[in-house]
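Geometric and topological summary
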Amino acid sequence: MREFVAAVRFLTVIPVPGRTGFSDLEMARSMAYYPLVGFCIGLILVASRHLFLLFFPQRVVAVLLVVALVLVTGALHLDGLSDTIDGLRSGRTRQERLRIMRDSRVGAFGAVGLVCILLLKLTLIAETPWSILDRSLILMATLGRWSMVQVIHGSSYARPEGGLARPFALGVGRREIVVSTFSALAAAVGLFGLKGVAVLAANVLLSRGIRLYFHHRLGGITGDVLGAADELSEVLSLGLVVALNP
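What counts, and where the lines are drawn
- Numbers given to residues run from 1 along each chain, matching the order in which its sequence is written.
- The model is predicted, so local features are restricted to residues of pLDDT at least 70 and side-chain atom pairs to those at 80 or more, both for listing and for counting; the totals for chains, interfaces and linings are taken over all residues.
- The basis for the side-chain values is all heavy atoms of the structure; hydrogens and waters are excluded.
- Helical segments are the DSSP runs of H or I of at least four residues, strand segments are the runs of E of at least two, and each set is numbered from the N terminus.
- Each residue is assigned to one of three classes by its accessible area relative to the maximum for its type, calculated with a 1.4 Å probe on protein chains only: buried under 20%, partly exposed between the two thresholds, exposed over 50%.
- The span you would expect from a helix comes to 1.5 Å times its residue count less one.
- Think of a salt bridge as a Lys or Arg side-chain nitrogen and an Asp or Glu carboxyl oxygen that are within 4 Å of each other.

Turning our eyes to something else, we now look at unusual backbone geometry. Despite not being glycine, Ala-75 shows a phi value in the positive range, around 55 degrees. Position of Ala-75 among the secondary structure elements: in the loop between helix H4 (58–73) and helix H5 (76–90). Under the relative-accessibility criterion, Ala-75 is labelled partly exposed at 26%.

The end-to-end C-alpha distance of helix H11 (residues 194–217), which contains 24 residues, comes to 35 Å, matching closely the 34 Å that a straight helix rising 1.5 Å per residue would cover. Looking only at H11, the buried set comprises Gly-196, Val-199, Leu-200, Ala-202, Asn-203, Val-204, Ser-207, Ile-210, Phe-214 and Arg-217.

Right, let's get into the pattern of salt bridges. If you walk through the whole model with that rule in mind, you get nine salt bridges. Close ionic contact of Glu-26 with Arg-2 constitutes a salt bridge, the shortest N to O distance being 2.9 Å. Of this pair, Glu-26 sits in helix H2 (residues 24–29) while Arg-2 sits in helix H1 (residues 2–11), placing them 24 residues apart in sequence. With a closest N to O distance of 2.7 Å, Arg-175 and Glu-176 form a salt bridge. Here Arg-175 falls in the partly exposed class, since its relative accessible area comes to 27%. Each of Lys-121, Arg-145, Asp-230, Glu-231 and Glu-234 takes part in a single network of salt bridges with overlapping partners.

Geometry only, nothing functional implied.
Now the structure itself:
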């Protein structure tokens, strides 16, 4: 239970009662429940959608859903995406990239990346058939968090001095990958059947590509890379749902 609470507190701004402070091992083991937390985030988006529809037209609701996702997650993954883009586009050496990624300021490349990813999400939500949008939101949020587990499993941590994601890189093992994958697969099959499995398989390829790319460019992964992986996975999942359900 503490590990699930740790996952909720790390991935969302939802206030959860209980003792604060978690060990590195508890934080690493909490990744087993990331897809479950993503599923819960999806349910919040579904509830928000039906509430918004009472007052606003569908296009406005699509915008509000993107805003709701940002608020629920505290823009955690968007921050990681912008920092990652800034580092890759501005740094010439591995050390420079890592230094720029650690800078809390958003650069020009990071700002453009944020705008692009938000516009993509907004467009895909608006273009998703409304009869399957509820299921699509849940799948998107679930697989986005699952992709983070996929990326970090078997990865090295890029910063020798340590950082936010170091406990995850060192502590995530077979248990976390098995439990999280079972949850993600159950959600994909339950929501979309074989089409859901196809979306999940595409996320496997995306996660492995991200892991290989950042091991080449940075020598490993960081917390920012995990945030970027979540954002890219969400867009990929929504995009495939739209493509598979014309």
